[in-house]
Amino acid sequence: MNKLFQKYFSRHQVYQSDADKKLSSGIRVVVPVFLEEQYIDTMLESLALAAHSFDLDIEVVLVINYSIEASESVKNRQIDLAMHCRIQAGKYKDVYSLTVLEAFDLPAKHAGAGLARKIGMDYSAYQFGDANNEKGIIVALDADCKVQGNYFSEIQQYFANGNFNGCTIAFEHQREDLDGGQFDAIAQYELHLRYYLQALRWTGHPYAYHTVGSCFAITAETYVRAGGMPRKQAGEDFYFLQKVIPMGKFGELNSTCVYPSSRSSDRVPFGTGPTVAKLLESNEEYETYNLQAFIELKNLFDMKSKFFNINEDRYEELVHELSGRLRSFLVNSTFYSDLCNVNNNCSSLEVFNKRFYDVFDAFRVVKYLNYVHLHFLTKMPVFDAVLDFMELTERDDAMLNNVEDALAYFRRLEKIE
């Protein structure tokens, strides 16, 4: 194990499996599992179908977890599920190795998807490091997902064909067996995710990628360089990937697909499940960010070069060229001082233009959008926002009559970019 891995694991506990280590594995799929009796067998079968006729060793790592404060009913369900999954391991032993990590009685303060994902990814990175396979691939998946039949072959080919640190993987929410209301709810939410991505890319931000916890892959070396998965109870995928993406050599894998569940849920404070539940309860349209916020953000990004090596007087002049909404956000943030720190460490305009997005990173984008919608702008129905975006970007190649048309169009758009 090299020094990078040794340093990381000197500070992070590693859960050990009671199964034999499979050090030859080239891909490890990490799946947090919490009360997933209804979905786990379908997910495992989906992975098995994708693993057939694949010549690289695969290990599927299930992190079956619960909080120390969980009820006895929840604990017993998880214990039974761990036993069930161990039995399933024999069924799939010819296509992949199935490892069950029992992450029981986790601290209540941290227990959740983030810590479970971290436990599985730490285990996977350790096994790769122990085998001196720093380029081993760690894949994130959720227990209620299905995958396309070419899932493993496309992931392996993606990393084999380039010196990549990681990638997002294309996704489409499952839609079979949904009633009309739930179908519409998940379609609106997925359309929001895709509208947000396209609008942010249109502004010129270089770190605009989906951050869906069940749809990304990274190398073991990248994982430890990024400091590992945070122990957040929700949003861990966003925080982690915002450390990985700026490292570079990151892209999109659109030649295969993950199919996340469209179920409603209240187990996490935000994300797909709570959003679907809220839309079903309210029977209202999903409201997304006003396109005007992105238009004004693009104006800032287009003039970023002017902020290179400027003094405070010149900074104030430039800020007054921006909209009042964006100016208010900048004045009420640490943007100028953060900009000064970057300027003090940039020897050229080229370096500054790249480092500018260390200052206005994805976190600051979200803070800006929330700020201007709290104080100035009104959110709008996602389909209306999409129509505004299509008109602004002069996309006349599609006739969009409803949310389903728009979603299909944006899915195709991402696959050809």
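Anything mentioned here points back to the structure above.
Residues numbered from 1 in each chain as written. Predicted model: local features only at pLDDT ≥ 70, side-chain atom pairs only at ≥ 80, totals over all residues. Heavy atoms only, no water.

Q: For the nonpolar core, give the residues involved together with the corresponding values.
A: Within the largest apolar cluster, 134 residues are counted, with the highest numbers of intra-cluster contacts made by Tyr 96, Tyr 151 and Phe 360. For this core, the element with the most residues is helix 6 (residues 180-203), which contributes 10 residues. Not counting chain neighbours up to four residues away, the residues in contact with Phe 360 comprise His 205, Leu 297, Leu 300, Phe 301, Phe 329, Leu 330, Phe 335, Val 365 and Tyr 368. (Core = buried A, V, L, I, M, F, W, Y, C linked by side-chain atoms within 4.5 Å. Buried < 20%, exposed > 50% of the residue type's maximum accessible area, 1.4 Å probe, protein only. Helix = DSSP H or I, 4+ residues; strand = E, 2+ residues; numbered from the N terminus. Contact = heavy atoms within 4.5 Å.)

Q: How would you explain the state of the cysteines if you had to name every residue and give the values?
A: A complete count under the given rule lists 0 disulfides for this structure. Cys 340 carries a free sulfur, and the closest cysteine sulfur to it, the one in Cys 346, is 12 Å from it. (Disulfide = S-S within 2.5 Å.)

Q: Account for the pairing of strand 6 (residues 166-171), naming residues and giving values.
A: With 6 of its 6 residues buried, strand 6 lies for the most part within the structure. Bridge count between strand 6 and strand 7 (residues 216-219): 3 bridges; the pairing is antiparallel. Bridged to Cys 167 within strand 7 is Ala 217. Here 5 bridges tie strand 6 to strand 8 (residues 250-259), and the two strands are oriented parallel to one another. Across the sheet, residue Gly 166 finds its bridge partner in strand 8, namely Phe 250. (Pairing = 2+ DSSP bridges.)

Q: Give a detailed account of the pattern of salt bridges, specifying residues and quantitative values.
A: Counted under the stated rule, the structure contains 22 salt bridges. A salt bridge links Arg 355 to Asp 358; the shortest N-O distance between them is 2.6 Å. Residue Arg 355 and its partner Asp 358 are both found in helix 14 (residues 349-359); the two are separated by 3 residues, about one turn of the helix. Ionic contacts of the salt-bridge type, sharing partners, join the residues Glu 172, Glu 190, Arg 194, Arg 411, Glu 414 and Lys 415 into one network. (Salt bridge = Lys/Arg side-chain N within 4 Å of Asp/Glu carboxyl O.)

Q: So what's going on with the packing of helix 8 (residues 236-244) against helix 15 (residues 362-375)? Residues and values would help.
A: The N-to-C vectors of helix 8 and helix 15 enclose an angle of 130 degrees; their axes lie 10 Å apart at closest approach. Here helix 8 is positioned oblique relative to helix 15, judged by the angle of their axes. On helix 15, the residues touching Phe 238, Tyr 239 and Gln 242 of helix 8 are Ala 362, Phe 363 and Val 366. Split by residue class, the contact of helix 8 with helix 15 holds 5 nonpolar, 1 polar and no charged. (Axes fitted to C-alpha atoms, helices over the stretch in contact; angles between N-to-C directions. Parallel < 35°, antiparallel > 145°, perpendicular 65-115°, else oblique. Nonpolar A, V, L, I, M, F, W, Y, C, P; charged D, E, K, R; others polar.)

Q: Go over unusual backbone geometry with me, naming the residues and quoting the values.
A: Residues other than glycine predominantly adopt negative phi, and peptide bonds predominantly adopt the trans conformation. The phi dihedral of Leu 35 is positive, around 55 degrees, even though this residue is not glycine. With respect to the helices and strands, the residue Leu 35 is situated in the loop between strand 1 (27-33) and helix 2 (40-51). You will see that Asn 132, though not glycine, has its phi angle at about 55 degrees, which is positive. Secondary-structure assignment places Asn 132 in the loop between helix 4 (113-130) and strand 4 (137-140). By relative accessible area, Asn 132 is classed as exposed at 51%.

Q: Describe the packing of aromatic side chains, and please don't skip the residues or the numbers.
A: Inspection of the entire model under this criterion finds 40 aromatic pairs. When the centroid spacing of 6.0 Å and the interplanar angle of 85 degrees are considered together, the rings of Tyr 195 and Phe 294 count as edge-to-face. Of the two residues, Tyr 195 is situated in helix 6 and Phe 294 in helix 10 (residues 291-302); the sequence distance between them amounts to 99 residues. Each of the two residues, Tyr 195 as well as Phe 294, counts as buried. Stacked on the ring of Phe 128, the Lys or Arg Arg 28 has its end atom at 4.5 Å from the ring centre. Its end group placed over the ring of Tyr 209, Arg 201 keeps NZ or CZ at 5.5 Å from the ring centre. (Phe/Tyr/Trp six-rings, centres within 6.5 Å; stacked < 30°, edge-to-face > 60°. Lys NZ or Arg CZ within 6 Å of the ring centre and 35° of its normal.)

Q: Describe the side chain of Ser 328, naming the residues involved and giving the relevant values.
A: With respect to the helices and strands, the residue Ser 328 is situated in helix 12 (residues 324-331). Those residues within four positions of Ser 328 in sequence are excluded, and the remaining contacts are Tyr 371 and Phe 376.

Q: Tell me about the sheet that holds strand 1, and name the residues and values.
A: Ordered in space as 3-2-1-4-7-6-8-5, the 8 strands form an open sheet in which the pairing is mixed. Both edges of this open sheet fall to strand 3 (97-106) and strand 5 (146-147), since each of them pairs with a single strand only. Relative to strand 2 (residues 58-67), strand 1 runs parallel, the two sharing 7 bridges. Its bridge partner being in strand 2, Pro 32 is matched across the sheet by Val 63.

Q: Can you break down helix 2 residue by residue, with the values?
A: With 12 residues, helix 2 should cover 16 Å at 1.5 Å per step; its first-to-last C-alpha distance of 16 Å lies within 8% of that length. At its buried positions, helix 2 is contacted by strand 1, strand 2, helix 3 (72-91), strand 3, strand 5 and helix 5 (151-160). Directly after helix 2, the chain includes Ser 53, whose backbone phi takes a positive value near 65 degrees. (Expected span 1.5 Å × (residues − 1).)

Spatial relationships are all this shows, so hold off on functional conclusions.
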